[in-house]
Amino acid sequence: MRGLPPLPARQGRDLLFMKEHWNTRKGTLLGISAIIATIILWQAVADLIVQNRFYLPSFTDVAGSFLDLVSRGTLLIDFEISLLHFAIGLGAALVTAVPLGVAMGWYRDFDRFINPIVEILRPVPPLAWIPFAIIWFGLTHESAGFVIFVGCFFPILINTYTGFKSVPRVFVEAGKVLGCTRDISLIRYIAFPSAIPSITAGIRIAMGVGWMCLVAAELFGAGGGKYGLGQKLWWYYNLHQTSNVVVYMLLLGLIGLVIDMVFRHYIEGRVERWRAGEVRT
Amino acid sequence: MSGVSISHVNRTFAKEGPESTVALEDISLEIADEEFVCLVGPSGCGKTTLLRIVAGLDAANSGTVTVDGETITGPDPKRGMVFQEYSLFPWRTVLGNIAFGLEMKGETREARTRIAEEYLDLVGLVQFRNAYPFELSGGMRQRVAIARALANNPDVLLMDEPFGALDAQTRNVMQQELLEIWEKTKKTIIFVTHSVDEAVFLADRIVVLSPRPGRICDNITVDLSRPRDRTSVEFAELRRHVLNLMQQCRLVR
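Residues numbered from 1 in each chain as written. Chains lettered and ligands numbered in written order. Predicted model: local features only at pLDDT ≥ 70, side-chain atom pairs only at ≥ 80, totals over all residues. Heavy atoms only, no water.

### Let's talk about the overall build of chain B
Inference 1: Assigned secondary structure in chain B consists of eight helices and ten strands.
Inference 2: Relative to the compact-globule value of 18 Å for 253 residues, chain B shows a C-alpha radius of gyration of 18 Å, a close match.
Inference 3: Its C-alpha atoms put chain B at 55 × 45 × 35 Å along the principal axes.
Inference 4: Long-range pairs, those at least 24 residues apart, make up 68% of the contacts in chain B between residues at least 6 apart in sequence. (Helix = DSSP H or I, 4+ residues; strand = E, 2+ residues; numbered from the N terminus. Rg over C-alpha atoms; globule rule 2.2 N^0.38 Å. Contact = heavy atoms within 4.5 Å.)

Below, the structure written as structure tokens:
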């Protein structure tokens, strides 16, 4: 075989660098062009084929509705109220599910005692709790928060539990021979830090589930029935203003994405510095 | 003043069914203060179990272990341990790992940092003080583990095949460094290994264990002067002697 003569080292490296650079740029360009293409297709289908704003509002309809809603100022209030519901639910789940998961993961008898109840309640879909959320808390922020709480509770519980169950034995033993012998110290200094990656993964899943529950809870009026992204989505549906519905749909998706990104950034930046060398699963 | 006295220790592990495994049978052993003792034997001979009993991580079915006349009932920072696997806490920096025992003792932050840095210097890893364990090589991790165990200033240092996972080159370097650390700190060391070469290079005394049931088969005092030359005739002779003993133990049982 008569190959090409090898490139001088420096030139080869520069070429490689340019190729990588081009690859990332190509990725971004491809992504953007896909979004543009979808918008054009959407506009074309809405304007030329469906020709019915109720069935399928076009991109320009939705953009117009968005500007209109922003100028009316209700979007921000809806956003704040929804965030409040979300915070109530997630906060309540964090302060209950983490300690319970810790206790179940660490104390074997407690695990055996409580596990059947958890396993019975866990498969109940969070939305099935809506009637009792309203009965117990009325049409308040707390009742919407309760539905989100149920959605967030089990992913956090299960992941905290698994995280504690899979603490390597050698860490516990190393802790013991170094003078960390009481259960409470072992939990605090060994098991909890070791389980943090699992717990944070649980919180991420919980936030996704909670965000879905938010829409449903508000839609049933659990959040007071006046403001909230999910509430407004349903409200505009009843008014047959579907372009507004699409605005709220897209906003819900976008905010969910942003929450996830902020959380991931925070976790990767602070809590998981020490995990940088591991293969992420 | 940290002699370890093991007397008539038995340990059986229950298995399913009527059978049970006798891991250790009537083990009696006296270890003097500042002595470096190696426990050697084939895998499954109970040498790790014996070490874990001395550490207080496992309990004997009968018999007692005392350090300075004090009976061992559970883990205690007076007996430091270096594990076979990587046991550094991955969420703590190198310095944080070494300072862990001091933190448990309730030392102030300043004292913790000062003492931890001393031991960091002892194992020659000062420039890695703020690194996380995943950034270190296998040899460096075990150095930190040694420093972490020593930072508590234990009476006895227990080592469970600490260099077993390292490559031959690093292993030799680590053995040399361990001897230097031992010279400086004058700890009583009980070192478990399955490598006869390692035992002959390190120990004042080699205790050979036989497998299932684990019994003390022989007790050899190593009177080679340090530093020892692995390639010398005496070294080779002693190694052959220990290997023969291990062979005989297996046949006799």
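### What about the pairing of strand β9 (residues 205-210) of chain B?
All names here are of chain B.
Inference 1: Summarising burial for β9: six of the six residues are buried, a large majority.
Inference 2: Burial along β9 is two-sided: the residues R205, V207 and L209 and I206, V208 and S210 are all buried.
Inference 3: Where strand β3 (residues 36-40) meets β9, four bridges bridge the pair, whose relative direction is parallel. Of the residues in β9, the one forming a bridge with V37 is R205. (Buried < 20%, exposed > 50% of the residue type's maximum accessible area, 1.4 Å probe, protein only. Pairing = 2+ DSSP bridges.)

### Some details on unusual backbone geometry
Inference 1: Residue B:P227 is reached from B:R226 by a cis peptide bond, and omega for that bond is -5°.
Inference 2: Here B:P227 shows up in the loop between β10 (215-221) and α8 (233-252).
Inference 3: For A:Q51, which is not glycine, the phi dihedral falls at a positive 50°.
Inference 4: A positive phi is found at B:N153, a non-glycine position, where the angle reads about 50°.
Inference 5: Its place among the elements puts B:N153 in the loop between α5 (138-151) and β7 (156-160).
Inference 6: Overall, B:N153 belongs to the partly exposed group, its relative accessible area being 49%.

### Overview of the packing of helix α3 (residues 74-106) of chain A against helix α4 (residues 108-121) of chain A
Residue and element names in this part refer to chain A.
Inference 1: Taken N-terminus to C-terminus, the directions of α3 and α4 make an angle of 125°; their axes are 6 Å apart at the nearest point. If you check the angle between α3 and α4, you find them oblique. Facing α3, whose interface residues are L100, A103, M104 and W106, α4 presents R108, F110, D111, I114, N115 and V118.
Inference 2: Class assignment of the residues belonging to the contact of α3 with α4 gives a composition of seven nonpolar, one polar and two charged. (Axes fitted to C-alpha atoms, helices over the stretch in contact; angles between N-to-C directions. Parallel < 35°, antiparallel > 145°, perpendicular 65-115°, else oblique. Nonpolar A, V, L, I, M, F, W, Y, C, P; charged D, E, K, R; others polar.)

### Some details on the sheet that holds strand β5 (residues 70-71) of chain B
Residues and elements named next belong to chain B.
Inference 1: Taken in spatial order, the four strands make up an open sheet running β2-β1-β4-β5, and their pairing is antiparallel. Of all the strands in the sheet, the pair left with one neighbour each is β2 (20-31) and β5.
Inference 2: The pairing of strand β1 (residues 4-14) with strand β4 (residues 62-67) spans five bridges and is antiparallel. Considered in β4, the bridge of I6 is made with V65.
Inference 3: Each of β1, β2 and β4 is contacted by helix α1 (residues 47-55), which is oriented at about 120° to β1, the strand it contacts most.

### A closer look at the nonpolar core
Inference 1: In terms of nonpolar packing, the biggest core is built from 97 residues, with A:I190, B:V4, B:I6 and B:I190 touching the most fellow members.
Inference 2: Other than its neighbours up to four places away in sequence, A:I190 contacts A:V167, A:F171, A:V172, A:G175, A:C180, A:S185, B:F89, B:W91 and B:F100.
Inference 3: Membership of the second largest hydrophobic core comes to 55 residues, among which are B:V40, B:F163, B:F201 and B:M246. (Core = buried A, V, L, I, M, F, W, Y, C linked by side-chain atoms within 4.5 Å.)

### Thoughts on the interface of chain A and chain B
Inference 1: In this assembly, 20 residues from chain A lie in contact with 26 residues from chain B.
Inference 2: Summing the contributions of chain A and of chain B, the shared interface buries around 2,000 Å²; its carbon and sulfur component is 75%.
Inference 3: Per-residue buried area on chain A facing chain B is highest for A:V177, A:L178 and A:W274; these three make up 37% of the total on that side.
Inference 4: The interface formed by chain A and chain B contains one salt bridge.
Inference 5: A salt bridge links B:R52 to A:E173; the nearest nitrogen and oxygen atoms lie 2.6 Å apart. (Buried area = accessible area lost by both parts, 1.4 Å probe. Salt bridge = Lys/Arg side-chain N within 4 Å of Asp/Glu carboxyl O.)

### Re the side chain of A:E173
Inference 1: Looking at where A:E173 falls in the secondary structure, it is placed in helix α7 (residues 169-177).
Inference 2: Judged by relative accessible area, which is 9%, A:E173 ranks as buried.
Inference 3: Beyond its immediate chain neighbours, meaning those up to four positions away, A:E173 contacts B:R52, B:L57 and B:F83.

### Here's the deal with the domain arrangement of chain B
Residue and element names in this part refer to chain B.
Inference 1: By domain assignment, chain B separates into domain 1 (4-78 + 157-252) and domain 2 (87-153).
Inference 2: For domain 1 and domain 2, the distance between their C-alpha centres works out to 25 Å.
Inference 3: Across the contact, 15 residues belong to domain 1 and eleven residues belong to domain 2.
Inference 4: The junction of domain 1 with domain 2 conceals about 1,100 Å² of combined surface from both sides, 72% of it contributed by carbon and sulfur atoms.
Inference 5: Linking domain 1 to domain 2 there are one salt bridge.
Inference 6: Taking the shortest distance from any N to any O, the salt bridge between R143 and E177 comes out at 2.7 Å.
Inference 7: For the interface between domain 1 and domain 2, the tally reads three residue pairs in polar contact (both at pLDDT 80 or more).
Inference 8: If one sorts the elements of the side of domain 1 that touches domain 2 by residue count, helix α6 (residues 168-185) sits on top with eight residues.
Inference 9: Across the side of domain 1 that touches domain 2, the residue classes tally to ten nonpolar, two polar and three charged. (Domains from an automatic or database assignment. Polar contact = N/O pair within 3.5 Å; in protein donor to acceptor, adjacent residues only side chain to side chain.)

### Some thoughts on the confidence of the model for chain A
Inference 1: For chain A, mean pLDDT is 88; residues scoring 70 or higher make up 91% of the total.
Inference 2: Mean pLDDT across the secondary structure elements of chain A bottoms out at helix α1 (residues 9-50) of chain A, with 82, and peaks at helix α6 (residues 141-165) of chain A, with 95. (pLDDT = per-residue confidence, 0-100.)

### Remarks on the pairing of strand β8 (residues 188-193) of chain B
Every regular strand shows the same layout, with side chains that alternate between the two sheet faces.
Residue and element names in this part refer to chain B.
Inference 1: Counting buried positions along β8 yields six of six residues, so the element is predominantly enclosed.
Inference 2: Of the two faces of β8, both are covered, the one formed by T188, I190 and V192 as well as the one formed by I189, F191 and T193.
Inference 3: As judged from the five bridges shared by β3 and β8, these two strands associate in the parallel manner. When the bridges of β8 are listed, V37 appears paired with I190.

### Brief notes about the state of the cysteines
Residues and elements named next belong to chain B.
Inference 1: One pass over the full model with this rule turns up one disulfide over all chains.
Inference 2: Linked covalently through their sulfurs, C217 and C249 form a disulfide whose S-S length is 1.5 Å. Taking the sign of the torsion about the S-S bond as the criterion, the disulfide between C217 and C249, at about -85°, is left-handed. Residue C217 is found in strand β10, and its partner C249 is found in helix α8; the two are separated by 32 residues along the sequence.
Inference 3: Judged by relative accessible area, C217 falls into the partly exposed class, the value being 31%.
Inference 4: Under the relative-accessibility criterion, C249 is labelled buried at 4%. (Disulfide = S-S within 2.5 Å.)

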